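Spelled out from the first residue to the last, the chains are:
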Amino acid sequence: MVWSLYCETLVRRPDATVVGAGPNGLAAALTLARAGLSVDVYEGSGTPGGGCRTQELTLPGFHHDVCSAVHPLLVASPFFQGLDLSALGVSLLTPTVSFAHPLDGGRAAAVLRSVEDTAAGLGVDGRTYRRMFSWLAEDAEKILPTFLAPLRSIPRNPIVTARFGLTGLLSAKTVASRFSSDESRALVAGAAAHSMLPMTAPLSGAMARLFIMLAHSVGWPIVRGGSARIVDALCSQIESLGGRILTGTWVKSLGDLPPTTATVLDVTPRQLIAMAGDHMPGPYRRSLERFRYGPGICKVDWALSGPVPWSAPQCRDALTVHVCGDFADVARSESDVNAGRHTDKPYCLVTQPCVMDQTRAPEGKHVLWGYCHVPNGSSVDMRERMEAQIERFAPGFRDLILAHATVTAVQAEEHNPSYVGGDINAGAASLRQTVFRPTARWNPYRTGLKGVYLCSGSTPPGGGVHGMCGEGAAKTALHDLRRSSTL
Ligand SMILES: Cc1cc2nc3c(=O)[nH]c(=O)nc-3n(C[C@H](O)[C@H](O)[C@H](O)COP(=O)(O)OP(=O)(O)OC[C@H]3O[C@@H](n4cnc5c(N)ncnc54)[C@H](O)[C@@H]3O)c2cc1C
């Protein structure tokens, strides 16, 4: 056992330990603490939060979201719905323009909160858009819980969910082919590319429809002051129930941990294999070894002297902008990345929080957040290519740059070992790993080891700040404890 952990266990022996204070680790800790267990959370980094932190990455007074920035999944999450976030200091700012997508020639398309307003901006495609998304927006409350639970669960509203699922395997290319304008097709591509899948891959169309459904139902909000506020809220709740969050403690082996009734790990399969060593049963280890990671990201934060001068007005009011070009441009970018190539004109996910949140930068100044996809394990700095893409749709952008900070895919993993090769979703979104994540088991949170559970984005429902993996793992642990009469 490492010395710092040994000292902690002399102070108290907790009922449960959680390794990793990302949103899922903290959701697990809170679920266990609410059930009356004493919980210690061990976090390797100097601050809790994992992919949900805010720091002055460029210049003093410029507050950048280190990882996650936009939170539709948090609003849709049953776990977070069980917390009074506003009473805990989390103020969500939801834009009217959920996301915009610029095209050459000063054109752009945008998805607004209302289906009707969005359709009105799409001209000849308005009718198709209405037909595709009106019912999804209306039934979102019935569909979303199924996506935020393991896919093996029985849907609460099977008919509505089946209607969505019937077309779930379609590719983004097929979904986009229902539209005739560049603008509408680009919107589909921009939303689908969040999945990091090629535009021809099964499920990529479902991802587009899911993200557009979220835009019309819960919106695509940011947090006033930054995503770290979410983690502050979780930590304060855990601590108010007697839990402890011990930062600066990397756990290398399960043998480092004090013996407890439940150990919940916010790590991915590769780390679990290393931490368990010879204790892991062979069949489970072999199935974890088959787990595949997806492409990585290169992240850039900029401090700007003013707002991004987008040519298209729709982009100026949006918090999120998908920067790449038309459907073919996005398809080329994502197919390059999936083939292991660094693309010249990357699809860039860009967020401009100061459009709604002036607390992020000194008066009149702006922060800009962006990342693009790269092959897994890449050490290439994509900043100049990303800046060229933004400049293409916002001439004069480069003149506003005061400072920047870049994290390549390999550096992302150095900061957080859960981003294997820079994969921010803790595993590829392939068809197999969407249904069976991390392996084909009835309960995906149990590991082959008694009392040890996995709660990272490598378990259902996957990546994103929703806490549902953490809650699912903790509920499984509580179920097992009750069954063994330990609780
Ligand atoms: C650039 C970027 C942008 C993103 N944008 C969004 C977004 O806008 N919206 C959204 O919903 N999601 C977004 N995500 C994804 C989101 O951040 C993650 O899916 C989410 O944070 C996963 O939560 P987690 O708790 O499973 O893991 P993580 O947040 O990765 O946390 C894992 C924690 O465990 C710690 N840890 C790992 N191994 C050990 C160990 N051995 N010992 C001790 N501690 C350990 C790590 O230090 C880390 O703090 C983004 C991610 C990145 C990187």
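The structure displayed is predicted, hence computed values, not measured ones.

Attention now goes to a nonpolar patch on the surface. A cluster of nonpolar side chains, namely Leu-169, Leu-431, Val-435 and Phe-436, defines an oily patch on the protein surface of about 350 Å² accessible area. Examined against the element boundaries, Val-435 turns out to sit in helix 18 (residues 431-435).

Once that is clear, we can look at the packing of aromatic side chains. Counting across every chain of the model gives eight aromatic pairs. Taking 6.5 Å as the distance between ring centres and 45° as the angle between the ring planes, the aromatic pair formed by Tyr-129 and Phe-179 counts as tilted. Of this pair, Tyr-129 sits in helix 6 (residues 126-147) while Phe-179 is found in the loop between helix 8 (172-176) and helix 9 (182-192), placing the two residues 50 residues apart along the sequence. Phe-179 shares its class with Tyr-129; the two are buried. Judged by centre distance (5.8 Å) and plane angle (80°), the rings of Trp-302 and Phe-397 are edge-to-face. On the criterion of sequence distance, the pair formed by Trp-302 in strand 11 (residues 296-304) and Phe-397 in the loop between helix 16 (383-393) and strand 15 (401-407) is long-range, its members being 95 residues apart. With a relative accessible area of 0%, Phe-397 lands in the buried category. These aromatic residues form a ring-pair network of at least three members: Phe-99, Phe-211 and Trp-220.

All right, on to empty space enclosed by the protein then. Applying the stated rule across the entire model yields one cavity of 30 Å³ or more. Taken as a whole, the largest cavity encloses approximately 30 Å³ of empty space. Where the lining of the largest cavity is concerned, the elements lending two or more residues are helix 6 and helix 9. Each residue belonging to the lining of the largest cavity can be placed in one class, and the counts come to seven nonpolar, one polar and no charged.

As a further point, take the sheet that holds strand 1 (residues 16-19). Spatially, five strands are ordered 9-2-1-10-16 in an open sheet, and the strand pairing comes out parallel. The open sheet is flanked by strand 9 (244-246) and strand 16 (452-454), the only strands paired with a single partner. Taken pair by pair, the neighbouring strands of this sheet meet at an average axis angle of 20°, ignoring direction. Sheet topology places strand 1 next to strand 2 (residues 39-42); four bridges connect them, and they run parallel. Paired with Val-18 across the bridge in strand 2 is Val-41.

Definitions and limits used
Residues numbered from 1 in each chain as written. Predicted model: local features only at pLDDT ≥ 70, side-chain atom pairs only at ≥ 80, totals over all residues. Heavy atoms only, no water. Patch = residues over 30% accessible without salt bridge, like charges linked within 9 Å, V, L, I, M, F, W, Y side chains within 5 Å. Areas by Shrake-Rupley, 256 points an atom, 1.4 Å probe, with all protein chains shown as cover. Salt bridge = Lys/Arg side-chain N within 4 Å of Asp/Glu carboxyl O. Helix = DSSP H or I, 4+ residues; strand = E, 2+ residues; numbered from the N terminus. Phe/Tyr/Trp six-rings, centres within 6.5 Å; stacked < 30°, edge-to-face > 60°. Buried < 20%, exposed > 50% of the residue type's maximum accessible area, 1.4 Å probe, protein only. 1 Å grid on protein atoms, 1.4 Å probe; cavity = no way out; pocket = protein on both sides within 12 Å on 5 of 7 lines; lining within 4 Å. Points joined across faces, edges and corners; volume = space filled by probe spheres on them. Nonpolar A, V, L, I, M, F, W, Y, C, P; charged D, E, K, R; others polar. Pairing = 2+ DSSP bridges. Axes fitted to C-alpha atoms, helices over the stretch in contact; angles between N-to-C directions.

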